[in-house]
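A structural walkthrough
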Amino acid sequence: MGNRTIEIVVGLFMIAGLAAVLFLALQVSGLSPQSGGDRYTLYANFNDSGGLSPRGRVSMAGVTVGTIESVTLDKKTFQARVSLAIDADIDNIPADSAAVIRTSGLLGDQYIDISVGGDMESLQPGDTFYSTQSAMNLERLIGNFASGR
Amino acid sequence: MTDRIAALGRRGLDIIASLGRSGRFLAGVLAGIPRPVSGFPLLVQQLYSVGVLSLPIVLVSGLFIGMVLALQGYTILSDFGSEAAIGQMIALTLVRELGPVVTALLFAGRAGSALTAEIGLMKATEQLSSMEMMGVDPLRRVIAPRLWAGFIAMPVLAVIFTVVGIWGGMLVGVEWLGVFDGAYWGNMQSAVNFVDDVLNGVIKSVVFGFVCAWIAVYQGYDCVPTSAGISSATTKTVVYSSLAVLGLDFALTAVMFGDF
């Protein structure tokens, strides 16, 4: 095999490696070039944030519209303060919408579902959700049931 | 009795001396690098024989490992009704562990043993010493391109292995067993983090590539120049490389993912 052919084959080999890294980045780890840009932040306070974690999903009607940026504890109210990064083109979320923590499947990750309200006004960047619903806690449910409350 | 103790002592001294020689050898090779223009064709030649020729075994193993993971994962996960998590399971196992480790083991068997035998035969037929006589540094001319080729080819092979494995898993999980396509990729994307998982996997494979190539060229360079010596050096290459890869894998995993 000639020297030229070998060089071409090695070049193709390196290109295949780069393509594989690109595939791992885009398709497997879901790194999209535009994530991070064109988003605005909303806040939601929960009594119990359950297993919510950063990079989790925020959805409306089952469609992903943003990600969870951070989960922190509010030291005054002892509530969990969750900041949500919402896609900029979803700018008409009604002001009385509620943020609800749900679980995908029985063992799946927890995510925030925005259940849409009917207000004419919409949430502005930096606003906080007025009503929220905390994570369903199976142990507390069983505890409540056992003690008859 | 004293003979045995003496034999044990000699063994220990031999091992330590060999470690020292391999370190000095490595330093010599790395010091002989800076000649990017004239050394480049040699490097390409070695990348071909070490990397491209290892591609078929890596592709086939990756495909079958991905398929087996999908099959096993489906059997276990369907007991809990969460077959959809199969994409996440396959991707995380391949990206973090199996991709770098299995590729390194295959690499040691396929390319490392060939490197050792080649260099060992060069030494046995006194090609290396005749090079020195002609004023050509064999470390720079023969060893360095092979070391660097292993170092570069290994991460590329590992990444290709991982991608083929994930594709094989999709073949079995989605096409055959009927897991929903969107759930396969969606769960995978929400579980795999590019920096924490993919890049750490690549770092692992870089380390393994370095270790495997180093052991292979050192064993060839240091072998007893007889046919028996070459055969035992080749065996040692595969055994030491495999042990080093598995041991280092535990250490790297503990550092990278062990922050509980």
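Residues numbered from 1 in each chain as written. Chains lettered and ligands numbered in written order. Predicted model: local features only at pLDDT ≥ 70, side-chain atom pairs only at ≥ 80, totals over all residues. Heavy atoms only, no water.

**Concerning the overall build of chain A**
Helix and strand counts for chain A stand at 2 helices and 7 strands. Along its sequence from the N terminus, chain A presents helices and strands in the succession α-β-β-β-β-β-β-β-α. Taking 15 Å as the expected radius of gyration for a compact globule of 149 residues, we find that chain A reaches 22 Å, considerably beyond that expectation. By the burial criterion, 30% of the 149 residues in chain A qualify as buried. The long-range share in chain A, meaning contacts at least 24 apart out of those at least 6 apart in sequence, stands at 63%. Total accessible area computed for chain A in this model is approximately 9,200 Å², and 56% of it derives from carbon and sulfur atoms. (Helix = DSSP H or I, 4+ residues; strand = E, 2+ residues; numbered from the N terminus. Rg over C-alpha atoms; globule rule 2.2 N^0.38 Å. Buried < 20%, exposed > 50% of the residue type's maximum accessible area, 1.4 Å probe, protein only. Contact = heavy atoms within 4.5 Å. Areas by Shrake-Rupley, 256 points an atom, 1.4 Å probe, with all protein chains shown as cover.)

**Some remarks on the nonpolar core**
Formed by 76 residues in total, the largest nonpolar core has its most connected members in Phe13 and Leu24 of chain A together with Ile143, Ile166, Tyr184 and Met188 of chain B. Top element by residues in this core is helix α6 (residues 138-176) of chain B. It accounts for 20 residues. Those residues in contact with Tyr184 of chain B that lie beyond four places of it in its chain are Ile86, Gly87, Ile90, Ile166, Gly169, Met170 and Val174 of chain B. In terms of nonpolar packing, the next biggest core, distinct from the first, is built from 20 residues, Ile68, Ile101, Ile114 and Leu123 of chain A among them. (Core = buried A, V, L, I, M, F, W, Y, C linked by side-chain atoms within 4.5 Å.)

**Here we look at helix α1 (residues 3-28) of chain A**
Residues and elements named next belong to chain A. Over its 26 residues, α1 extends 36 Å from the first C-alpha to the last, a length consistent with the 38 Å expected when each residue adds 1.5 Å. The complete set of buried residues in α1 reads Ile6, Val10, Phe13, Gly17, Ala20, Leu24, Ala25 and Val28. In the segment just after α1, Gly30 is the residue with positive phi, at about 65°. (Expected span 1.5 Å × (residues − 1).)

**Points about a nonpolar patch on the surface**
A cluster of nonpolar residues, Met136, Leu138, Leu141 and Ile142 of chain A, forms a patch on the protein surface that exposes about 440 Å² of accessible area. Position of Leu141 of chain A relative to the elements: it lies in helix α2 (residues 138-146). (Patch = residues over 30% accessible without salt bridge, like charges linked within 9 Å, V, L, I, M, F, W, Y side chains within 5 Å. Salt bridge = Lys/Arg side-chain N within 4 Å of Asp/Glu carboxyl O.)

**A look at the sheet that holds strand β3 (residues 63-74) of chain A**
Residue and element names in this part refer to chain A. Across the sheet, which stays open at both edges, the 7 strands sit in the order β1-β4-β3-β2-β6-β5-β7 with mixed pairing between neighbours. Edge positions in the sheet fall to β1 (39-46) and β7 (131-133), since each has one partner strand and no second. The sheet shows a mean angle of 30° between the axes of neighbouring strands, taken without regard to direction. Direction of pairing for β3 relative to strand β4 (residues 79-87): antiparallel, over a ladder of 8 bridges. Across the sheet, the residue bridging to Ile68 is Leu84, located in β4. (Pairing = 2+ DSSP bridges. Axes fitted to C-alpha atoms, helices over the stretch in contact; angles between N-to-C directions.)

**Remarks on the environment of Gly56 of chain A**
Residues and elements named next belong to chain A. Positionally, Gly56 belongs in the loop between β1 and β2 (57-60). On the basis of relative accessible area, Gly56 is assigned to the buried category, the value being 14%. Distance in space between the C-alpha atoms of Gly56 and Ile112 is 8.1 Å, their sequence separation being 56 residues. Here Gly56 is in contact with Gly66, Thr67 and Ile68, once residues within four sequence places are set aside.

Purely geometric stuff here, so don't read any function into it on its own.
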